[in-house]
Amino acid sequence: DSLEVLRRPGSDGFVYLDAEGPLDDPWGKPYGYESPSPGSTKFRVFSLGADGKPGGVGDDHDIDNVLIKDGQI
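Here the structure is a predicted model, which is why all the values come from computation and not from measurement.

Draft legend 1. View of the sheet that holds strand β1 (residues 32-34). With respect to topology, 3 strands assemble into an open sheet ordered β1-β2-β3, the strand pairing being antiparallel. Looking at the sheet topology across the chains shown, the edges are occupied by β1 and β3 (63-64). Here β1 pairs with strand β2 (residues 44-47) via 3 bridges, running antiparallel. In the sheet register, glycine 32 faces β2, and the bridge partner there is phenylalanine 46.

Draft legend 2. Structural context of the packing of aromatic side chains. Inspection of the entire model under this criterion finds 3 aromatic pairs. When the ring of tyrosine 16 is compared with that of phenylalanine 43, the centres are 5.3 Å apart and the planes differ by 80°; the resulting orientation is edge-to-face. Of the two residues, tyrosine 16 is situated in the segment before β1 and phenylalanine 43 in the loop between β1 and β2; the sequence distance between them amounts to 27 residues. On the accessibility criterion, tyrosine 16 (54% relative accessible area) is exposed. On the numbers, 6.2 Å between centres and 35° between planes, the contact of tyrosine 33 with phenylalanine 43 is tilted. With tyrosine 33 in strand β1 and phenylalanine 43 in the loop between β1 and β2, this pair connects stretches of sequence that are 10 residues apart. On the basis of relative accessible area, phenylalanine 43 is assigned to the buried category, the value being 18%. Put simply, the rings of Phe14, Tyr16, Tyr33 and Phe43 touch in pairs and so form one group of aromatic residues.

Draft legend 3. Layout of the pairing of β2. Of the strand pairs in this sheet, β2 and β3 are connected by 2 bridges, and their pairing is antiparallel. Following the sheet pairing, serine 47 is matched in β3 by isoleucine 63.

Draft legend 4. Spotlight on the pattern of salt bridges. Taken as a whole and assessed by the stated rule, the structure comprises 3 salt bridges. For arginine 7, the salt bridge is made with glutamate 4, and the minimal N-O distance between the two is 3.4 Å. Look at arginine 7 and you get partly exposed, because its relative accessible area is 21%. The shortest N-O distance in the salt bridge between aspartate 64 and arginine 44 comes to 2.7 Å. You can see aspartate 64 sitting in strand β3 and its partner arginine 44 sitting in strand β2, a full 20 residues away along the chain. Here the salt bridges share partners, and the residues they tie into one network are Glu34, Arg44 and Asp64.

Definitions and cut-offs
Residues numbered from 1 in each chain as written. Predicted model: local features only at pLDDT ≥ 70, side-chain atom pairs only at ≥ 80, totals over all residues. Heavy atoms only, no water. Pairing = 2+ DSSP bridges. Helix = DSSP H or I, 4+ residues; strand = E, 2+ residues; numbered from the N terminus. Phe/Tyr/Trp six-rings, centres within 6.5 Å; stacked < 30°, edge-to-face > 60°. Buried < 20%, exposed > 50% of the residue type's maximum accessible area, 1.4 Å probe, protein only. Salt bridge = Lys/Arg side-chain N within 4 Å of Asp/Glu carboxyl O.

Right, dumping it as structure tokens:
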């Protein structure tokens, strides 16, 4: 239900996010987290950019792990 779940080891001992301290984006705002939909293992970690609002360009552009993985950023 939160980004903290990615810090906890699974039954196999694997940890998705090996980090200490606050999980803030470069602008000091907490990263957002969307848990996987039922039947999926895909989660989303995102930042709403410098302005903290959806959308935007430049430093205000939203970024997430899906865009990065797909090579869109």
